Every structure is written in C-alpha cells, then in structure tokens.
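Observations on the model geometry
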Amino acid sequence: SWWHIATTYPKYSDVLDDILANYTNLHEIVVLAQETDPEGFGCLYEKASVKVKDVFKKNLSFGDRYEIIPLFRALVIDGMLKLCALDWGDRIAWEELAENESPSLVDENSYATTVAVPGGENGIETEIVYHKKPQREVLLYCCIKGSSAYYELRDEIDARKRFNFDHKMCQRLFNVHAFDAQKVGCKGEMLCLSLERPIL
C-alpha cells in the first residue's frame, strides 16, 4: 500500500519523487502526506523516513520562497486553493513596500547551533553553524486567472489599496504573486496571495 511503501521502504524514495514531481499537484501531495495507516490512525508524513520527508519537502516547495506545510489540510473552496506554508523569503512585504518601510539590516532570519567537529587540542572543537529559518507561517490563497475567485482576490487587493486598513484590525497581506498554475494542476497563470496566518 501507499502507507507501507512510504513508511517502510525508504529505498523507493526516488520512485516517490518521480510520482510527486510528475503526476501530482500541491493539493494532492498534501492529501498523500496526511494518509492514515490501514487502521485509520497516524499520519504518513510523521511516520515517514528522513529520505521520504525530504522528497515531500522538495515537492512542496512553491514560488522559490514557500514550503507548504503537509500537516495542515489543503482546502479548495469555490475554486480557491488555501494552503498553509512557511515563508522563507525576504522580510519586505507587499504592504510594507506600499508604506515605503526599509528592511532591517539585522539578519533576524537565522539561528545558530554548535556542533562538535574533529580538531583542536583534544581532537574535538566546537563549530558554530548558522541555519536559515522561515520568516513566518502564512496562508496562501491561490486561484486561476479569470476565475470568479480571481476577481474576488483582485477586489481584496484594490480595497486594501484604497482604504489602507490598520494591520491590527485585519489579516495582513504580505505578498501578491503571479505563478504558473501547473503546480495546482491547471494551465495558465494563477494569482497567489500570501496572508497572515491567524493564531487560534
């Protein structure tokens, strides 16, 4: 079964990579990652080997900056795909650019850990390693250009430009993108809005 191949046989990770890369879209990949075991429990992604998780992460990368989080449901509502993602991009946002704010010169988008490496007087020395970290968790609203959902998102953007809503009073709009719709299983161009993910 799909569950046993992904959780028990990491040697087939290349086959899995080919399937996810060439025969699925983002919504389907998230559904596959959340597949339960034969008893209806667990989550495939959580039980998968490191190699299989890396395959999922690779195929859930999106727009050169987003990594879709496979543990959150991907929803399709009235022609709009809603995804939860990690934003690995720069800190400047659509609204921040509109306000002419300057980005901080301090790199807040990394963290440090120490690892033991060969060397030094005792044969071991400590090395500081810097890791990238996502700027934030976001909600991605994606729809095909020309669809009814597309015009709803355009209206949302226009309203924000006109009324300059207080960020404390509404869900923040971080970025607006136009992507190839192939990633969501369609042809043509799609509009994608990156919005603040509410913390419930």
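The shown structure was predicted, so the numbers you read here are calculated from the model rather than taken from an experiment.

**Some details on the confidence of the model for the protein**
- Of all residues in the protein, 76% attain a pLDDT of 70 or more, and the chain-wide mean is 80.
- Every residue in residues 100-113 is under pLDDT 50, and counting partners more than four places away or in other chains gives 29 contacts.

**Remarks on the side chain of His177**
- Within the element layout of this structure, His177 appears in strand 8 (residues 173-180).
- A polar contact of 2.7 Å, which involves the side chain of His177, links it to the side chain of Tyr66.
- Setting aside residues no more than four positions away along its own chain, His177 makes contact with Arg65, Tyr66, Met190, Leu191 and Cys192.

**Quick notes on unusual backbone geometry**
- Backbone geometry at Asp64 places phi at a positive 65°, although glycine is not the residue there.
- As for its position among the elements, Asp64 is in the loop between strand 1 (61-62) and strand 2 (66-68).

**Quick notes on the nonpolar core**
- Residues Phe56, Phe62, Ile68, Leu83, Leu140, Cys142 and Met190 are the most contacted members of the largest nonpolar core, which totals 32 residues.
- Excluding residues within four positions of it along the chain, Cys142 makes contact with Phe62, Gly79, Met80, Leu81, Met190, Leu191 and Cys192.
- One finds Ile69, Leu139, Ile157 and Leu195 within the second-largest nonpolar core, a separate group that totals 15 residues.

**A closer look at the side chain of Asp87**
- Mapped onto the secondary structure, Asp87 falls in strand 4 (residues 80-87).
- Accessibility expressed as a relative area gives 0% for Asp87, which makes it buried.
- Within the structure, the side chain of Asp87 is placed 2.8 Å from the side chain of Arg65, a separation counted as a polar contact.

**Some points on the environment of Ser194**
- Within the secondary structure, Ser194 is located in strand 9 (residues 189-196).
- Judged by its relative accessible area of 0%, Ser194 is buried.
- Taking the C-alpha atoms as reference points, Ser194 and Leu173, separated by 21 residues in sequence, lie 6.1 Å from one another.
- Not counting residues up to four positions away in its chain, the partners in contact with Ser194 are Tyr66, Val138, Leu139, Leu140, Arg172, Leu173, Phe174 and Asn175.
- Polar side-chain contacts of Ser194 include one of 3.5 Å to the side chain of Tyr66.

**Some remarks on helix 5 (residues 50-59)**
- When we look at burial in helix 5, the residues that qualify are Val52, Val55, Phe56 and Asn59. Looking straight down helix 5, one finds its buried side chains confined to an arc of 95°; they lie on one side.
- Buried-residue contacts for helix 5 involve helix 1 (2-8), helix 2 (13-23), helix 3 (26-33), helix 4 (44-47) and strand 1.

Calculation rules
Residues numbered from 1 in each chain as written. Predicted model: local features only at pLDDT ≥ 70, side-chain atom pairs only at ≥ 80, totals over all residues. Heavy atoms only, no water. pLDDT = per-residue confidence, 0-100. Contact = heavy atoms within 4.5 Å. Helix = DSSP H or I, 4+ residues; strand = E, 2+ residues; numbered from the N terminus. Polar contact = N/O pair within 3.5 Å; in protein donor to acceptor, adjacent residues only side chain to side chain. Core = buried A, V, L, I, M, F, W, Y, C linked by side-chain atoms within 4.5 Å. Buried < 20%, exposed > 50% of the residue type's maximum accessible area, 1.4 Å probe, protein only. Arc of directions from axis to C-beta.

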